[in-house]
Every structure is written in structure tokens, then in C-alpha cells.
Amino acid sequence: MKKYILAIDAGTTSSRAIVFDKRGQEVAMAQYEFEQHFPKEGWVEHDPLEIWNTQKKAIQDVLSKNNIKASEIHSIGITNQRETTVIWDKKNGVPIYNAIVWQDRRTSSICVDLDQKGHAQTIQNKTGLVLDAYFSGTKIQWILDQDMNHRKKAEAGELLFGTIDTWLIWNLSNGKCHVTDPSNASRTMLYNIHSLQWDSELLKLLDVPEIILPNVMSSSEKIGNVQLEGWDEEIMISGIAGDQQAALFGQLCFKPGEVKNTYGTGCFCVMNTGNKPVKSKNKMLTTIAWQLDGETTYALEGSVFIGGALIQWLRDGLNLISSAEEIEELAKSVESNGGVTFISALTGLGAPYWDPNAFGAIMGITRGTQKGHLARAALEAIAMRSREIIIEMQKDAGIQYQGLKVDGGACKNNLLMQIQADLLNTVVIRPKTTETTALGVAFLAGLSSGFWKNQKEIETLWEKDKEFVPNQDIQSQNTILLWQERISKIITNES
Ligand code: ADP
């Protein structure tokens, strides 16, 4: 009877609900976008009630529109945009402020202040994170500081904090469950990833009362039940994971050294480092990947700001192509980059350079340069930046990576994937299901609810679409050498 797992994928721009069957195949999907609010330069907000309502609609529609009964769903898993912060009134569920989104920079000055007071190292040691406005801690502080009443109510236990997983589960369970999991908790800048507890020193530093924080459960555990209108039965929630960690699980990167890269607007690279947190020398983030069967798995995470966005810029900024897909044909129209290097630092450079003032550049152009050379150099730029992150991660972790699993919109580009394999000199593996985030949390939920027996069984479900085997050719070596020489010319801080 119970044939399916329902994955809730609460993203940054849309609320999705996906039904997977026992073979891990997508059976049905519903998706609703919600509004992005930009009240001031650098501020990004969501309406938490709109997130809840669109998510609820997606969950109800994916079942009703596909004639799937609640009683056919074994359990629910939730994956979510991370760090985004909601604080609400425990009595009536009304948020006291809009959700402050992970991209929001308004608390940068709080971070500068903490840095000047010498707290950056303590924060990194305890949380694995680089002190930054990105994470939830300073966002909570900011909301509570808007009104003396907020702080009083928080201290009296009348308010609750949550990232989006917590907010949705609280609503789905009618206020019964105020919970999160370690993969989300580890992005708040308040959670000690060694002791696996909210950290009292950090709570004091950021002036956050512990009473508002959710209970941290494991990523794969029976959490509570949901009953929405029209359902013939309750469904259990039994899995939670932040989106990037869920994708790592969905790619079956279960062993240390296994790594996935998501090629979306940016590139998000996460490497499993096993049961010990690895401290990065290159300001990559140390994070909890998941907690399962009483074991905590850690990961290193690094991102490239401009990934597929470079292709968007060639399309919308330069009108070089009219759709992102066209870039592959154009790049294939030439044999090589023709000596052109495209430095994709359109918004500065992240790891391992950390140079916000670095500028983008196209170098090596001659009268013989064609559009195809630019297209090819652009694909090489996406692959080179990902290569740099993966190589630094490998150095940090002291583990040899074993192949690269890929997902995200731009991984459909076969040439880009081949270039990535050549430049990294490693096999690049693309799965059939590129919905790895939702699939990952479906796996986590299905493991604890007993839908799947164990990780071994899950491994048999994963299907490869294509494997890209590296060609160790001189061309790739030249691309790497040229890139290294030329990127050094645009670095402003020489860190
Ligand atoms: P996000 O989740 O960040 O919105 P997606 O995973 O949907 O991103 O991927 C979209 C990105 O991938 C866009 O930046 C787009 O330019 C890029 N993209 C899509 N198709 C291709 C392609 N065939 N080749 C290269 N880039 C592509």
C-alpha cells in the first residue's frame, strides 16, 4: 500500500513537492514560486507565511492532482534553503518579521564588529564557519534588536526561531514539533559541530536566548505526524537536511573523499570528509553533512559565485547566444580555446583567492579570435574555478577524491562535463536523476521509516546517465598553465 516517499524541497525561489517510488524514480511533482522582497540594497526577504502556503499547496496538489492518497505515502522528508531565518510567536504562529534570506547582507556590520573584537577564530573553531552575515546567528540578533519587546518575549520563551525546515515542520505538525537537524543547525553559527550542541558562549556573543532554539534531532529519524485537509491518513515526517547536504546524500557520496558539484547559477561543491570535521586552511566551510544511525558525517563546502551565471551573462549581457544550451554547439565549433582565457570574476573571487575586488577579464584575444573561442573559454572558466575548489578541498582533507558526481542545470552540457573531467583529470559522473536534493532527503526519510532497508539498498537504486573519462591531453595542461598565469594578473590582494 505505502508505495511512495514525499520529498518537500523548500528552495530559495520556489516551494516544491516531489513523490518518489521505491526505485527512487520521480513519480509526480508540484511547484509554486514565491515572491522575493528587496526592501533595501543588500537586503533580501521572504514572507514566511507565503512560503508555508505555497509549500502546503504544492504538497496537497502533488497528491490530489496525481490521484495519490496520503495512505500511499510511507513518510515525508524535508530539504530546504539553508540559513534563512524566521522568528515567530509561539501562541499564534505569526512571524514577528519577514524571513531574512541567506543572501541578505544587512548584518555585515555586526560581523565586522565581532571580527574586530577578535571572535572570528572562536566562531570558526566551534562552528566550522567563516564569520559572515550569510549565517543565521547575526540575523536572529538583528531581528530581536528591532524592538525591546521582541527581546523580552524571546527571553520569556514566547517566540520561536527556525530555519525553513523548522518553520515548515512546526506548521505541518500544528505547532507540536519545534525541531531541526544537525545539517541545518551547523549553518546557524550557534551550533558547536564538535560537541553537537547549541553553544552557550556563542549564544552569549550573539545575544540569542537558548529558549527560542529548536530541538536538534538526527537527519533521519521519526519526527512527528502531518494531517492536511482531505488526507485519508496522517503521514510521518522522518527526514531533514539542508539542500547542499541532501544533494551530497542523493549523489550517494557516503564515503570520505566522495564529492559532488552542483552547476547552477553558482557552483556548489561539497566533499564528504567522514566522521571527523576537517579544518580548512582556505576558508572553506566545515559543515555537518548528516547524522544517521547515531553517526555524524562531516563535509567541506566551497562555492564558486559565478558558474552558469557566466553563460547567462553571455546570453543577456553580450547577446552572444540566445539560449544557455546554445553555448555547447558554439564551443564545439572550434577545436580549442585559441589561446583565450576567460577569468570569470564578475563579482570578485571566492575560495581559494578571497579577493572581492578582483575583476573579470578576457585575455589572449587576437584578430583570429572567434565567438567559439569565447564560448569554449567560458566553459573552461566554470570548470577551472570548480577545479581550484576541489583541489584545495582535497589538500585540506588530505583525502584523494574519487571521481566527481555532478548535478544542477548546467551539468546537461556534455562538453562542459568533458572539460571538467579533463581539467581535473578525474572521472565525472552524471546521474539519471538530477533532482539529487529532493532524492537525498527522500532517501534519509525512507531509511528511518523503513521504506528502504539500508544504505546498501539505496546504492542499488542510483543510476548513472553518463560517465566522462579524462583525456590526458596537452591541451588541458596548457589551459591550466595559461589560467594560472593570467588569473595572477587580476588578483588585487595576493593573499
Ligand atoms: P539555479 O538552481 O541556481 O537557479 P539551475 O540548476 O536551474 O540553477 O541551472 C541554471 C544555470 O545553468 C543558469 O545559470 C544557466 O545559464 C546554466 N545552464 C543551463 N543550461 C546550460 C547549458 N546547456 N550549458 C551551460 N550552462 C547552462
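Residues numbered from 1 in each chain as written. Predicted model: local features only at pLDDT ≥ 70, side-chain atom pairs only at ≥ 80, totals over all residues. Heavy atoms only, no water.

**A look at helix 2 (residues 108–116)**
Applied cut-off: Relative accessibility thresholds used throughout: buried, under 20% of the residue-type maximum; exposed, over 50%; partly exposed, between the two (1.4 Å probe, protein chains only). Helix and strand labels come from DSSP, where a helix needs a run of H or I of at least four residues and a strand needs a run of E of at least two; each type is numbered from the N terminus. The arc under discussion is defined with respect to the helix axis, by the directions toward the C-beta atoms.
Those residues of helix 2 that fall on the buried side of the exposure criterion are Ile110, Cys111 and Leu114. Down the axis of helix 2, the buried set is contained in an arc of 100 degrees. They therefore lie on one face. Counted as exposed and oriented over 90 degrees from the buried face of helix 2: Ser109 and Gln116. Count one or two residues on from helix 2 and you reach Gly118, which has phi positive near 85 degrees.

**Overview of the sheet that holds strand 16 (residues 267–274)**
Stated formally: Here, a strand pair is defined by DSSP locating no fewer than two bridges between the strands. In this analysis, axes come from line fits to C-alpha atoms, helices being fitted only over the stretch in contact, and the angle between any two N-to-C directions falls in the range 0 to 180 degrees. Contacts are residue-level and defined by heavy atoms, with any inter-residue pair within 4.5 Å sufficient.
With mixed pairing, seven strands are arranged side by side in an open sheet as 17-18-16-15-21-22-23. Each edge of the sheet is formed by a strand with only one pairing partner; in this case those strands are strand 17 (285–292) and strand 23 (464–468). Strand-to-strand twist across the sheet, computed as the mean angle between neighbouring axes with direction ignored, equals 25 degrees. Relative to strand 16, strand 15 (residues 259–263) is paired through five bridges, and the arrangement is antiparallel. Directly across from Val259, in strand 16, lies its bridge partner Met271. Each of strand 15, strand 16, strand 17, strand 18 (295–304) and strand 21 (404–407) touches helix 9 (residues 243–250); the most contacted strand, strand 17, lies at about 60 degrees to it.

**Observations regarding the site of the ligand**
Short version of the rule: Put simply, a residue is near a molecule or strand once any heavy atom of it comes within 4 Å of that molecule or strand. Under this definition, polar contacts are N or O atom pairs within 3.5 Å; protein pairs additionally need one hydrogen-donor-capable and one acceptor-capable atom, and for neighbouring residues in sequence, both atoms have to be side-chain atoms. Every accessible area reported is derived by Shrake-Rupley at a probe size of 1.4 Å, with residue values counting cover from the shown protein chains alone.
Inspection of the region around the ligand gives 13 residues, with Thr265, Gly308, Gln312, Gly409 and Asn413 positioned closest. Taking Gly308, its main chain carries an N or O atom lying 2.9 Å from an oxygen atom of the ligand. Contact between the ligand and Gly409: an oxygen atom at 2.7 Å from a main-chain N or O atom of the residue. Protein chains bury 70% of the 580 Å² of accessible surface belonging to the ligand in isolation.

**Points about the state of the cysteines**
Formally: Cysteine sulfur atoms are paired as a disulfide whenever they come within 2.5 Å of each other.
Overall, the coordinates contain zero disulfides when judged by the stated rule. Free cysteine Cys269: the closest other cysteine sulfur is in Cys267, separated by 8.6 Å. Given a relative accessible area of 3%, Cys269 falls into the buried group. Here Cys411 stays free of any disulfide, with the sulfur of Cys267 as its closest cysteine sulfur at 11 Å.

**A look at the environment of Leu114**
Here Leu114 lies in helix 2. Residue Leu114 is classed as buried on the basis of its relative accessible area, which comes to 7%. With 18 residues separating them along the chain, Leu114 and Asp132 place their C-alpha atoms 9.8 Å apart.

**Structural notes on the packing of aromatic side chains**
Quick reminder of the rule: Note on ring pairs: Phe, Tyr and Trp rings are taken, using the six-membered ring of Trp, and paired if centres are within 6.5 Å. Classes follow the plane angle, with under 30 degrees stacked, over 60 edge-to-face and the rest tilted.
Per the counting criterion, the structure on display carries 13 aromatic pairs. For the pair Trp102 and Tyr134, a centre-to-centre distance of 5.8 Å together with 75 degrees between the ring planes defines the contact as edge-to-face. One end of the pair, Trp102, is in the loop between strand 7 (99–100) and helix 2; the other, Tyr134, is in the loop between helix 3 (120–127) and helix 4 (136–144), and 32 residues separate them in sequence. Of the two residues examined, Trp102 and Tyr134, each falls in the buried class. Considering the side-chain rings of Phe443 and Trp452, the 5.2 Å spacing of their centres and the 80 degrees angle between planes classify their relative orientation as edge-to-face.

**As for a nonpolar patch on the surface**
Put simply, the rule reads: Residues forming no salt bridge and having over 30% relative accessible area are the ones grouped into patches, like charges within 9 Å of each other and nonpolar side chains (Val, Leu, Ile, Met, Phe, Trp, Tyr) within 5 Å. Note on definitions: salt bridges are taken to be side-chain nitrogens of Lys or Arg within 4 Å of carboxyl oxygens of Asp or Glu.
A grouping of Trp313, Leu318, Leu346, Ile362 and Ile365 is seen on the molecular surface, where their side chains present a nonpolar patch of about 420 Å² in accessible area. Relative to the helices and strands, Ile365 resides in the loop between strand 20 (361–363) and helix 12 (371–397).

**Description of unusual backbone geometry**
Backbone torsion omega between Ala351 and Pro352 reads -5 degrees, so that peptide bond is classified as cis. Position of Pro352 relative to the elements: it lies in the loop between strand 19 (341–343) and strand 20. A positive phi angle, close to 50 degrees, is found at Asn67, a residue other than glycine. With a relative accessible area of 70%, Asn67 lands in the exposed category. The phi angle at Glu83 is positive, at roughly 70 degrees, despite the residue not being glycine. Among the structural elements, Glu83 can be located in the loop between strand 5 (73–80) and strand 6 (86–89).

**Quick notes on the sheet that holds strand 2 (residues 14–21)**
Strand order in the open sheet formed by six strands is 3-2-1-5-14-13, with mixed pairing between adjacent strands. The open sheet is flanked by strand 3 (26–33) and strand 13 (220–226), the only strands paired with a single partner. The sheet shows a mean angle of 25 degrees between the axes of neighbouring strands, taken without regard to direction. Judged from the seven bridges that link them, strand 2 and strand 3 form a sheet pairing that is antiparallel. Bridge pairing in strand 3 places Val19 opposite Ala28. Here helix 1 (residues 48–64) sits on the sheet and contacts strand 1 (4–10), strand 2, strand 3 and strand 5; the angle it forms with strand 2, its principal contact strand, is near 30 degrees. Here helix 6 (residues 164–172) sits on the sheet and contacts strand 1, strand 5, strand 13 and strand 14 (235–242); the angle it forms with strand 5, its principal contact strand, is near 145 degrees.

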